[in-house]
Amino acid sequence: MSRSKGFNCAAAVRGLIPWVLIANIMLVLYCLTATSPVIISPTQEEMCRLSMEQTSPNVLTEVSNSKQKCSPKVNIMFMKTHKTASSTILNILFRFGEKHQLKFALPDRRNDFCYPQPFLCSQVKDYRPGECFNIVCNHMRFNYEQVTKLLPSDAVYITILRDPVDLFESAFHYYHRTVPFTWRIRGENKLTEFLNNPKAFYSPEALNSFYLKNLLFFDFGLDNNLKVNDPRVMEGIWYLSKRFQLVLIAEYFEESLILLKDLLCWSMEDILYFKLNARRTSSVSRLDPEMRTKALQWNWADWKLYEHFNVTFWERVEAYGRQRMEQEVNELRRRNAEMSANCIEGGNAVEAQKIKDTHFQPWQPIGEKSIMGYNLRKDIDPKSSTICAKMLTPEIQYLSELGVNLWVTRLWGWVKDSIL
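Residues numbered from 1 in each chain as written. Predicted model: local features only at pLDDT ≥ 70, side-chain atom pairs only at ≥ 80, totals over all residues. Heavy atoms only, no water.

## Looking at the environment of Ala352
Looking at the secondary structure, you find Ala352 in the loop between α12 (322-343) and α13 (382-392). Among the residues examined, Ala352 registers a relative accessible area of 2% and is labelled buried. It is 9.3 Å that separates the C-alpha atoms of Ala352 and Arg280, two residues lying 72 residues apart in sequence. Discounting residues that sit within four places of it in the chain, Ala352 has contacts with Gln361, Gln364, Lys369 and Ile371. (Helix = DSSP H or I, 4+ residues; strand = E, 2+ residues; numbered from the N terminus. Buried < 20%, exposed > 50% of the residue type's maximum accessible area, 1.4 Å probe, protein only. Contact = heavy atoms within 4.5 Å.)

Structure follows, in structure tokens:
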């Protein structure tokens with residue numbers, strides 16, 4: 001009997017080996033799959049040189065903003081950073097672009113521009129040298145020289161940051177299973193074990209290691225492994241400050257949207273939103289002061305980046321006017337509450353297992369379903385059904401609606417959900 005049990009156990013292990021191999025191969029393929037890195041030289045013929053007037057559809061009209069008439073801006077580069085509420089901004093941009101028939105520079109085969117490779121124009125779906133676009137907004141590793149080829153010279157560059165400690169905690173929770181070096185961490189609280197001795201579980205050359213150290217700096221195309229007080233950190237920050245007209249702060253999301261509305265000369269209707277890609281509260285690790293300090297030290301470059309742009313953010317709020325900002329934020333909250341009551345069943349987000357329609361099911365991290373989503377009301381007003389559905393649609397599904405063939409992303413999703 002014991003020999004029979006041993007035989008069955010060995011056979012089961014042998015049966016699992018192919019699946020483990022397939023899962024690991026798919027993980028590597030998804031991280032490395034990209035178009036050939038064809039570098040296009042920045043000749044004048046290959047650069048987009050059109051003005052906003054030449055690329056703006058006629059459907060846009062002037063709106064009143066701060067008692068002055070202005071034309072809504074439509075040429076936008078949104079640098080989508082990881083784990084910063086950027087998916088919600090992305091949804092706002094998708095809806096605005098669709099509404100006004102704008103031209104998106106979209107990725108091909110997957111939902112990002114071959115991240116973590118530096119961005120190249122050749123990664124854009126159906127790109128032709130010299131072609132102009134209105135909006136670039138999907139995940140990339142920022143490469144300013146390449147991005148500028150896609151957009152008119154009057155394009156507005158925006159991005160969003162988040163407190164580096166909270167971002168690190170979120171990134172660790174979401175991505176650590178894709179970083180092989182962390183698989184050796186023992187114990188229930190893997191984040192604490194990592195912060196107590198990060199060098200034991202981190203190598204700059206290791207697969208996907210960038211997710212776990214200065215992720216913001218990496219996203220912006222900068223060196224995420226610079227040491228504390230390295231002068232190149234401040235050089236990188238000044239480089240970015242010259243290229244981005246507005247840096248939003250996730251902790252002050254509503255104030256950020258009001259500043260965005262003002263900069264782009266949009267209406268309040270354009271910035272209404274539902275919070276997308278949010279985690280359930282029970283999955284968030286609460287770091288004590290000691291661990292927060294260690295996380296800040298480990299992500300020092302990101303902290304200096306956040307510190308700098310947090311100051312400039314509040315300078316803009318002061319220039320906008322505190323009282324005026326409070327009034328606008330209250331109006332945004334009121335309008336959002338109305339939309340929630342009209343669109344969302346129960347009025348709030350629900351856990352992944354309770355989402356009834358797969359069209360509204362957000363992408364989940366490996367091994368769990370911690371990202372919440374929404375159910376669309378069944379008795380919704382027909383006049384509101386389209387906008388409600390758009391506001392609730394996650395990134396992957398929205399990209400499919402915009403015509404992106406996401407076969408690489410969907411294949412990896414199948415492996416992630418079926419095997420891992």
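Picking up where we left off.
## Details of the pairing of strand β7 (residues 246-249)
The alternating pattern of β7 places Leu246 and Leu248 on one face and Val247 and Ile249 on the opposite face, and all of these are buried. Examined bridge by bridge, strand β6 (residues 156-161) and β7 share four bridges and lie parallel to one another. Counterpart to Ile158 in the pairing with β7 is Leu246. (Pairing = 2+ DSSP bridges.)

## Structural notes on empty space enclosed by the protein
Taken as a whole, this structure holds one cavity of 30 Å³ or more when the rule is applied. The volume enclosed by the largest cavity comes to roughly 30 Å³. Every element with two or more residues in the lining of the largest cavity is listed here: α3 (86-99) and α14 (395-401). Among the elements that take part in the lining of the largest cavity, α3 stands out by supplying four residues, more than any other. For the lining of the largest cavity, a count of residues per class yields five nonpolar, three polar and one charged. (1 Å grid on protein atoms, 1.4 Å probe; cavity = no way out; pocket = protein on both sides within 12 Å on 5 of 7 lines; lining within 4 Å. Points joined across faces, edges and corners; volume = space filled by probe spheres on them. Nonpolar A, V, L, I, M, F, W, Y, C, P; charged D, E, K, R; others polar.)

## With respect to the state of the cysteines
Going through the model one piece at a time under the given rule, you end up with three disulfides. Here Cys48 engages in a disulfide with Cys132; their sulfurs sit 2.0 Å apart. Taking the torsion about the S-S bond as the criterion, the Cys48 to Cys132 disulfide, at about 115°, is right-handed. Placement of Cys48 in the loop between α1 (2-32) and α2 (52-55) and of Cys132 in the loop between β4 (104-105) and β5 (135-136) is noted, with a sequence separation of 84 residues between them. A residue is classified by how much of its surface remains accessible, and Cys48, at 3% relative accessible area, is buried. (Disulfide = S-S within 2.5 Å.)

## Brief notes about the confidence of the model for the chain
Per-residue pLDDT for the chain averages 88, and the proportion of residues at 70 or more is 84%. In this model residues 1-23 is a low-confidence stretch, pLDDT under 50, and it forms seven contacts with partners more than four residues away in sequence or in other chains. Taken as a whole, residues 34-44 scores under 50 in pLDDT and shows 23 contacts with residues more than four places along the chain or in a different chain. (pLDDT = per-residue confidence, 0-100.)

## Remarks on the packing of aromatic side chains
According to the stated counting rule, one finds 27 aromatic pairs in the structure shown. When the centroid spacing of 3.8 Å and the interplanar angle of 15° are considered together, the rings of Phe96 and Trp266 count as stacked. One end of the pair, Phe96, is in helix α3; the other, Trp266, is in the loop between α9 (253-264) and α10 (289-298), and 170 residues separate them in sequence. Residue classification places Phe96 among the buried positions, given a relative accessible area of 3%. You can call Trp266 buried: its relative accessible area is 3%. Seen from their ring centres, Tyr202 and Trp298 are 5.2 Å apart, and the 90° between their planes marks the pair as edge-to-face. One end of the pair, Tyr202, is in the loop between α6 (190-196) and α7 (215-219); the other, Trp298, is in helix α10, and 96 residues separate them in sequence. By relative accessible area, which is 9% here, Tyr202 ends up buried. (Phe/Tyr/Trp six-rings, centres within 6.5 Å; stacked < 30°, edge-to-face > 60°.)

## Some points on the pairing of strand β3 (residues 76-79)
Going residue by residue along β3, you find Ile76 and Phe78 tucked away on one face and Met77 and Met79 tucked away on the opposite face as well. As paired elements, β3 and β5 share two bridges and run parallel to each other. From the neighbouring strand, Met77 faces β5, where its bridge partner is Val136. As paired strands, β3 and β6 are joined by four bridges and run parallel to one another. Across the sheet, Phe78 pairs through a bridge with Ile158, a residue of β6.

## What to know about α3
If you check α3, its first and last C-alpha atoms are 20 Å apart, about what 14 residues at 1.5 Å a residue would give, namely 20 Å. Burial analysis of α3 places 12 of its 14 residues in the buried class, the great majority of the element. Here α3 has its buried residues at Ser86, Ser87, Thr88, Ile89, Leu90, Asn91, Ile92, Leu93, Phe94, Arg95, Phe96 and Gly97. Note on α3: the residue one or two positions beyond its end, Gln101, has a positive phi of about 55°. (Expected span 1.5 Å × (residues − 1).)

## Describing the environment of Arg279
Tracing the chain through its elements places Arg279 in the loop between α9 and α10. With a relative accessible area of 14%, Arg279 lands in the buried category. Expressed as a C-alpha distance, the spacing of Arg279 and Ser170, which sit 109 residues apart in the sequence, is 8.8 Å. Setting aside residues no more than four positions away along its own chain, Arg279 makes contact with Glu169, Ser170, His173, Val284, Ser285, Ser370, Ile371 and Met372. Of the polar contacts made by the side chain of Arg279, one reaches the side chain of Glu169; its length is 3.0 Å. Looking at Arg279, its side chain comes within polar contact range of the main-chain oxygen of Ser283, at 2.5 Å. (Polar contact = N/O pair within 3.5 Å; in protein donor to acceptor, adjacent residues only side chain to side chain.)

## Things to note about the nonpolar core
Of all hydrophobic cores here, the largest spans 115 residues; its most connected members are Leu150 and Phe194. No other element matches helix α11 (residues 300-320), which puts eight residues into this core. Once residues within four sequence positions are removed from consideration, Phe194 is found in contact with Phe168, Phe172, Ile185, Phe201, Tyr202, Leu212 and Trp298. (Core = buried A, V, L, I, M, F, W, Y, C linked by side-chain atoms within 4.5 Å.)

## Notes on α12
In this model, α12 (22 residues) spans 31 Å end to end at C-alpha, consistent with the 32 Å of a helix rising 1.5 Å per residue. For α12, the set of buried residues is Met325, Glu328, Val329, Leu332, Asn336, Met339, Ser340 and Cys343. Considered in projection along α12, the buried side chains sweep an arc of 115° and stay on one side of the axis. Counted as exposed and oriented over 90 degrees from the buried face of α12: Gln323 and Glu326. In this structure, the buried residues of α12 make contact with α9, α11 and α13. (Arc of directions from axis to C-beta.)

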